[in-house]
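Overview (structure and organization)
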Amino acid sequence: MARFLLLIVAISCGLSVTVDSAPISGAKDSPIEGYAFMAIVALYSQIAGNGVIVSTRWVLTAASTFHEGPDTEYCAVIGGSTLRTGTYYRTLRIYRHPEFDGSLYNVGLLHLAKELVLGPTINIVHTPRSSPPDMRPVILSFGKNSEGTTHLQSFKFKLTSDSRCVERLSDVHDKQVILSGQGYCIDELLQGNRIFEYNDVGAPAITEWQQI
């Protein structure tokens, strides 16, 4: 079994995953050893969002993670379950998708100055070639949780992108995100509750598929 990245959640703009339900709260702490591809995107030693390691020099996140502060001050914190226990990695440059308009193409990258050494707490995520119309992934985030801490947490949802999902949305930009295949609606909670905070942006949705 291999863990595959399905999408990056763009919470700060209310897109990529569109929450169409009452507020939700809570999740469970998860050790970095179980999700060694996770990274914190930090700005001035504070969590700006989440990312995933896609190679030894690149971290994938949402473009909206870089919504404040100079580009040169963003870094990746990798290898720990919290901001305090991870190692800081300086970035050479951050990139936003050239067509990012605040909603669509919400994809960003951090180019690390130093190559990562892979091990039990640092690894590369698998990326699939296509996304299913609905799924039941684990969403991971270092964002502030209901206990007021920022430990890596996981929570499960059912995500959909069918016509019922689109019809429930009132915002035309949200509808376009779903119709263009760039996002999903949260259809139901499968484990606990969760309120999304601003620094949940870039949280990945992960599923386990049998690797062929």
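Residues numbered from 1 in each chain as written. Predicted model: local features only at pLDDT ≥ 70, side-chain atom pairs only at ≥ 80, totals over all residues. Heavy atoms only, no water.

**Some points on the overall build of the protein**
In terms of regular secondary structure, the protein is built from two helices and 14 strands. A total of 212 residues make up the protein; the buried ones form 49% of that total. Once local pairs closer than 6 in sequence are excluded, the contacts in the protein between residues at least 24 apart make up 71%. (Helix = DSSP H or I, 4+ residues; strand = E, 2+ residues; numbered from the N terminus. Buried < 20%, exposed > 50% of the residue type's maximum accessible area, 1.4 Å probe, protein only. Contact = heavy atoms within 4.5 Å.)

**A few points about the packing of aromatic side chains**
This model, assessed by the stated rule, comprises three aromatic pairs. Summarising the aromatic geometry, the rings of phenylalanine 66 and tyrosine 74 are spaced 5.0 Å apart at their centres and angled 75 degrees between planes, so their arrangement reads as edge-to-face. (Phe/Tyr/Trp six-rings, centres within 6.5 Å; stacked < 30°, edge-to-face > 60°.)

**Things to note about the pairing of strand E5 (residues 46-55)**
With seven of 10 residues buried, E5 is to be regarded as a mostly interior element. Relative to E5, strand E4 (residues 38-43) runs antiparallel, the two being bridged by six bridges. Residue leucine 43 lies in a different strand from E5, and its bridge partner there is glutamine 46. Hairpin connection from E4 to E5: two residues lie between these consecutive antiparallel strands, with tyrosine 44 at a positive phi of about 55 degrees. Relative to strand E6 (residues 58-61), E5 is paired through three bridges, and the arrangement is antiparallel. (Pairing = 2+ DSSP bridges.)

**Structural notes on the side chain of threonine 82**
You can see threonine 82 is positioned in the loop between strand E7 (74-78) and strand E8 (87-96). Threonine 82 sits in the buried class, given a relative accessible area of 17%. A polar contact is formed between the side chain of threonine 82 and the side chain of threonine 85, at a distance of 3.0 Å. Discounting chain neighbours no more than four positions away, the residues touching threonine 82 are Ile40, Phe142, Thr150 and His151. (Polar contact = N/O pair within 3.5 Å; in protein donor to acceptor, adjacent residues only side chain to side chain.)

**Structural notes on the environment of isoleucine 178**
Here isoleucine 178 is to be found in helix H2 (residues 172-179). Look at isoleucine 178 and you get buried, because its relative accessible area is 5%. For the pair isoleucine 178 and leucine 104, spaced 74 residues apart in sequence, the C-alpha to C-alpha distance is 9.9 Å.

**Things to note about unusual backbone geometry**
Positive phi is not limited to glycine here, since tyrosine 44 has a value of about 55 degrees. Locating tyrosine 44 in the fold gives a position in the loop between E4 and E5. Phi at serine 45 takes a positive value of approximately 65 degrees, unusual for a residue other than glycine. Along the chain, the position of serine 45 falls in the loop between E4 and E5. A residue is classified by how much of its surface remains accessible, and serine 45, at 44% relative accessible area, is partly exposed.

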